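Coordinates in review
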Amino acid sequence: TVLILLAGLGGCTFLKVNIGEEVQPLTEKVVSGEGRDKVLLLDISGVIMGGDGEPVLGGRKKPGLIVRTREALDRARQDERVKAVVLRINSPGGGVTASDILYHELRKFKQETGVKIVAHIMDVGASGAYYAALAADAITAQPTSVTGSIGVIMYRVDVTGLMQKVGVQTVEIASGEKKGIGSPFRTLSADERKIFQDFIDSLYTRFTGLVAEERKLTPENLRKMADGRIFTSAEAKTGGLIDGVGYLDDA
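Let me begin by describing the structure that accompanies this report.

Structural notes on the packing of helix α2 (residues 96-113) against helix α5 (residues 190-215)
- One can describe the packing of α2 onto α5 by two numbers: an axis separation of 12 Å at closest approach and a directional angle of 30°. The orientation of α2 with respect to α5, classified from their angle, is roughly parallel. Seen along the crossing, α2 lies across α5 with a hand that is left-handed. Contact residues: α2 offers Val96, Asp100, Tyr103 and Arg107, while α5 offers Leu203, Arg206, Leu210, Glu213 and Glu214.
- Looking at the contact of α2 with α5 residue by residue, the classes come out as four nonpolar, no polar and five charged.

Examining unusual backbone geometry
- Positive phi values are uncommon outside glycine, yet serine 127 reaches one of about 50°.
- For lysine 216, which is not glycine, the phi torsion reads 55° and is therefore positive.
- Note on placement: lysine 216 falls in the loop between α5 and α6 (219-225).

With respect to the pattern of salt bridges
- Going through the model one piece at a time under the given rule, you end up with 20 salt bridges.
- Across the pair glutamate 28 and lysine 38 runs a salt bridge whose closest N-O atoms are separated by 3.1 Å. Here lysine 38 lies in strand β3 (residues 38-45) and glutamate 28 lies in the loop between β2 (11-17) and β3, a separation of ten residues in the sequence.
- Of the charged contacts in the structure, one is a salt bridge between aspartate 137 and lysine 110, with a shortest N-O distance of 3.7 Å. Of this pair, aspartate 137 sits in the loop between α3 (128-133) and β6 (138-141) while lysine 110 sits in helix α2, and the two are 27 residues apart along the sequence.
- Among the residues examined, aspartate 137 registers a relative accessible area of 37% and is labelled partly exposed.
- Given the relative accessible area of 15%, lysine 110 is considered buried.
- By sharing partners, the salt bridges in this structure join Glu28, Lys38 and Asp79 into a single network.

Comments concerning α2
- The end-to-end C-alpha separation of α2 is 26 Å, in line with the 26 Å expected for 18 residues at 1.5 Å each.
- For α2, the full list of buried residues reads Ala98, Ser99, Leu102, Tyr103, Glu105, Leu106, Phe109 and Lys110. Taken down its axis, α2 places every buried residue within 160° of arc, on the same side. Turned more than 90 degrees away from the buried face of α2, the exposed residues are Thr97 and Gln111.
- Of the surrounding secondary structure, the elements contacted by the buried residues of α2 are β3, α1 (65-77), β4 (82-91), β5 (116-126), α3 and α5.

So, the environment of isoleucine 200
- Following the sequence through the fold, isoleucine 200 ends up in helix α5.
- Sequence-distant contacts of isoleucine 200, that is, excluding residues within four places in its chain, are made with Val152 and Met154.

Description of the pairing of β5
- Relative to β5, β4 runs parallel, the two being bridged by seven bridges. Note on β5: the bridge partner recorded for serine 91 is glycine 125.
- Each parallel crossover has a hand, and the one from β4 via α2 to β5 is right-handed.
- Of the pairings in the sheet, the one linking β5 to β6 comprises four bridges and is parallel in character. Counterpart to alanine 119 in the pairing with β6 is isoleucine 139.
- The β-α-β motif built from β5, the intervening α3 and the parallel element β6 has right-handed crossover chirality.
- Pairing geometry for β5 and strand β7 (residues 146-148), over three bridges, is parallel.

What counts as what
- Residues numbered from 1 in each chain as written.
- Predicted model: local features only at pLDDT ≥ 70, side-chain atom pairs only at ≥ 80, totals over all residues.
- Heavy atoms only, no water.
- Axes fitted to C-alpha atoms, helices over the stretch in contact; angles between N-to-C directions.
- Helix = DSSP H or I, 4+ residues; strand = E, 2+ residues; numbered from the N terminus.
- Parallel < 35°, antiparallel > 145°, perpendicular 65-115°, else oblique.
- Left-handed = near helix turned anticlockwise from the far one by under 90°.
- Contact = heavy atoms within 4.5 Å.
- Nonpolar A, V, L, I, M, F, W, Y, C, P; charged D, E, K, R; others polar.
- Salt bridge = Lys/Arg side-chain N within 4 Å of Asp/Glu carboxyl O.
- Buried < 20%, exposed > 50% of the residue type's maximum accessible area, 1.4 Å probe, protein only.
- Expected span 1.5 Å × (residues − 1).
- Arc of directions from axis to C-beta.
- Pairing = 2+ DSSP bridges.
- Right-handed = clockwise from strand over helix to strand, strands pointing away.

So, in structure tokens, the structure goes:
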């Protein structure tokens, strides 16, 4: 936004010219239907990450997904006419912590208000997005949705081969033997790999524990559905990951 000052004989006038997207406060918009009671339609879309969102003009940033979700739920807490929440999910997942925070915020809202939550998966609701959906009372999906991908993954780049080719050598000076763990400038040792694997396994155990608890899956079925693969909505329903296949209006 640019404020242009026009000076004249009668005084000064400010003209507000929008040349970029502004950060706007949360406003209520009726999507469809009529009547006194409301269903809050809450979008969980894009990669789930913590912190602020994309920067806008003036150096400010749009509120991130977690902030916007929390703000919408706080507004719903204060509105006795909100009788249910529908999560419209279109996300491949994202950070473990951010997904866990979303799950926590949704579950806390449900416990404090007694308002029912239905999660509905559009194109994709996988990994961390499915993690967040576990807070819902029911999960549904489009006939063409992709879901699942239950698991945790991390990547590490090893550039030692490239450095040898170009003749570059790294000298590491650290306060402890494991301080440089994960460095791309040296080969990962067996001991370091085990440390990372134990960490990933710990996060995976929490994820699958929530799946088993919220979806009431047997250990055998959990092992079959939580090996990291993706599923069609029909397969997910058969395996117990979702409750129904249909459309947003059905949710």
